[in-house]
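# Breakdown of the fold
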Amino acid sequence: HTACPSLCSAVRHRRWPHLERMPNADSLGWAPTAPPPCAFAGHDPEQEIDLKPESSEEATHRWTVTLGILGIAATMVSGELLKRRGIFRIPEAVIGLLVGVAAGGLSEMFESQTMAEDESFDDEFFMVWLLPPIIFAAGYNMNVPAFFDNLGPTMLLAFGGTVLSAAVVGACVYLAGQLGLAYRLSLLASFFFGSLISATDPVTVLAIFKVIGVRDDIFAVIFGESVLNDAVAIVLARTILSFNTPDADISLLTCLQAATVFCSIFLGSMLIGSLGGTLSALLFKGLGLARVDDKVPLEAALCFAFPWSCYYAAEALELSGIVAILFCGIAMATYARPNLSRHARTLTT
């Protein structure tokens, strides 16, 4: 009232004229109180909302994201151009590595600690958001009949070959460290390194196979082994880490226990993934979404909901989410894909 008396008086006289005939506060003996603040006078919005200019770190973060997106686009375009020219000696993974080195060089050139931290590898982000869709896509797009026709050689190479490679590499690293030829690692750390390094990714070999048109059985064996050995290597590494305790005793009995843990983790994860893929097929068949034209986004969303649910369910049970999502993709490719509409099959392939 004191801040804008003319406005308050006009409003009171216009809407409540009888208030002019009422006695004032002094005649009633009321104690005076402080007038309420007026919302129209002396109001500064910047006092209520702390408006700050954009900091240099936020701008650097946005430039880092832009640089990363452009780097991904440059990697994909360069890989496609090399494939069109028939150049397979330089795989797309090498191009991505060179682009990453260039991005790291820019952060060093500008001496930006914020850019270097944003470009650093985040293992949690990779394991949660990047690796599961890659493994699911490998299982979902696999030639399932050819895979099961050559299941014996594929399993032998994936299990036996990966375990043998991990043992040989781990032993060589341990002996090289003891002889002073390399950094000295413990026996457990050496075999852990061997299990991680034994997973192969023959992307270039498979790309050449597609161009020259090799037989489906050879392609299925190599592709299936390359997909399975990732899961085998991860489970093997987690099994080795279970011995990383002060009172761990490596003996024949503990090795048999490790083999039992390895098999239980793999079989349990495979069961969860297969069950999830089968349930998704039953759901798609029961809902009949393929008969409705405008349900393609819902079909695609459900195709990603089931694999991720299997992944986190396996991880919550201390199993392997990678194995679960792989076999979920195989089961969905076999049973769920025929129940999808034509557009949904094209979208999810």
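Before going into details, it helps to say that this report is about the structure given with it. A quick note: this is a predicted structure, and the numbers were derived from the prediction, not measured. (Residues numbered from 1 in each chain as written. Predicted model: local features only at pLDDT ≥ 70, side-chain atom pairs only at ≥ 80, totals over all residues. Heavy atoms only, no water.)

## A closer look at the nonpolar core
- Phe284, Leu326, Phe327, Ile330 and Met332 are the most contacted members of the largest nonpolar core, which totals 46 residues.
- Contributions of two or more residues to this core are made by helix H7 (123-140), helix H8 (144-149), helix H9 (151-178), helix H12 (216-241), helix H13 (252-287), helix H14 (296-316) and helix H15 (321-336).
- Residue contributions to this core peak at 11 residues, all from H15. (Core = buried A, V, L, I, M, F, W, Y, C linked by side-chain atoms within 4.5 Å. Buried < 20%, exposed > 50% of the residue type's maximum accessible area, 1.4 Å probe, protein only. Helix = DSSP H or I, 4+ residues; strand = E, 2+ residues; numbered from the N terminus.)

## Description of the packing of aromatic side chains
- All chains considered together, the criterion is met by 11 aromatic pairs.
- On the basis of an interplanar angle of 85 degrees and a centroid distance of 6.2 Å, the ring pair of Phe266 and Phe327 is categorised as edge-to-face. Taken as a pair, Phe266 in helix H13 and Phe327 in helix H15 lie far apart in primary sequence, 61 residues in all.
- Take Phe266: its relative accessible area is 4%, and that puts it in the buried class.
- Judged by relative accessible area, Phe327 falls into the buried class, the value being 8%.
- Chaining the aromatic ring pairs together yields one cluster made of Phe159, Phe262, Phe266 and Phe327.
- For the cation-ring pair, Arg337 lies above Tyr140, with the distance from its terminal atom to the ring centre recorded as 4.3 Å. (Phe/Tyr/Trp six-rings, centres within 6.5 Å; stacked < 30°, edge-to-face > 60°. Lys NZ or Arg CZ within 6 Å of the ring centre and 35° of its normal.)

## Some points on a negative patch on the surface
- On the surface, Glu57, Glu58, Glu117 and Asp118 cluster together to form a negatively charged patch.
- Within the residue set of the negative patch, elements represented by two or more residues are helix H4 (56-84) and helix H6 (113-119).
- Here Glu57 lies in helix H4.
- Relative accessible area serves as the criterion here: at 52%, Glu57 is assigned to the exposed category. (Patch = residues over 30% accessible without salt bridge, like charges linked within 9 Å, V, L, I, M, F, W, Y side chains within 5 Å. Areas by Shrake-Rupley, 256 points an atom, 1.4 Å probe, with all protein chains shown as cover. Salt bridge = Lys/Arg side-chain N within 4 Å of Asp/Glu carboxyl O. Lys, Arg positive; Asp, Glu negative; His and termini not counted. Charge placed at Lys NZ, Arg CZ, Asp CG, Glu CD.)

## Quick word on the pattern of salt bridges
- As enumerated under the stated definition, the model contains three salt bridges in all.
- Note that Arg84 is salt-bridged to Glu80, the shortest N-O span being 3.3 Å. Of this pair, Arg84 and Glu80 both sit in helix H4, separated by four residues, roughly a single helical turn.
- Of the residues examined, Arg84 reaches a relative accessible area of 66% and is grouped as exposed.
- Between Arg238 and Glu315 there is a salt bridge, and its shortest N-O distance comes to 3.8 Å. One end of the pair, Arg238, is in helix H12; the other, Glu315, is in helix H14, with 77 residues separating them in the sequence.
- The class for Glu315 is partly exposed, based on a relative accessible area of 30%.

## Points about the side chain of Thr239
- Within the element layout of this structure, Thr239 appears in helix H12.
- On the accessibility criterion, Thr239 (4% relative accessible area) is buried.
- A distance of 2.8 Å separates a polar atom in the side chain of Thr239 from the backbone oxygen of Val235. (Polar contact = N/O pair within 3.5 Å; in protein donor to acceptor, adjacent residues only side chain to side chain.)

## Brief notes about the packing of H7 against H14
- Their axes nearest at 11 Å, the elements H7 and H14 cross at an angle of 115 degrees. H7 and H14 meet at a crossing whose hand is right-handed. Contacts between H7 and H14 involve Met127, Val128, Trp129, Pro132, Pro133 and Phe136 from the first element and Cys303, Pro307, Trp308, Tyr311 and Tyr312 from the second.
- For the contact of H7 with H14, the per-class residue count stands at 11 nonpolar, no polar and no charged. (Axes fitted to C-alpha atoms, helices over the stretch in contact; angles between N-to-C directions. Left-handed = near helix turned anticlockwise from the far one by under 90°. Contact = heavy atoms within 4.5 Å. Nonpolar A, V, L, I, M, F, W, Y, C, P; charged D, E, K, R; others polar.)

## A word on the packing of H12 against H13
- In the contact formed by H12 and H13, the axes pass within 10 Å of each other and the chain directions differ by 135 degrees. Our classification of the angle between H12 and H13 gives oblique. Helix-helix and strand crossings are classified by hand; for H12 and H13 the assignment is right-handed. Of H13, the residues touching H12 (which contributes Ala231, Val232, Val235, Leu236 and Thr239) are Ala258, Val261, Phe262, Ile265 and Phe266.
- Taken together, the residues that form the contact of H12 with H13 break down as nine nonpolar, one polar and no charged. (Parallel < 35°, antiparallel > 145°, perpendicular 65-115°, else oblique.)

What is shown is where atoms sit, not what they do.
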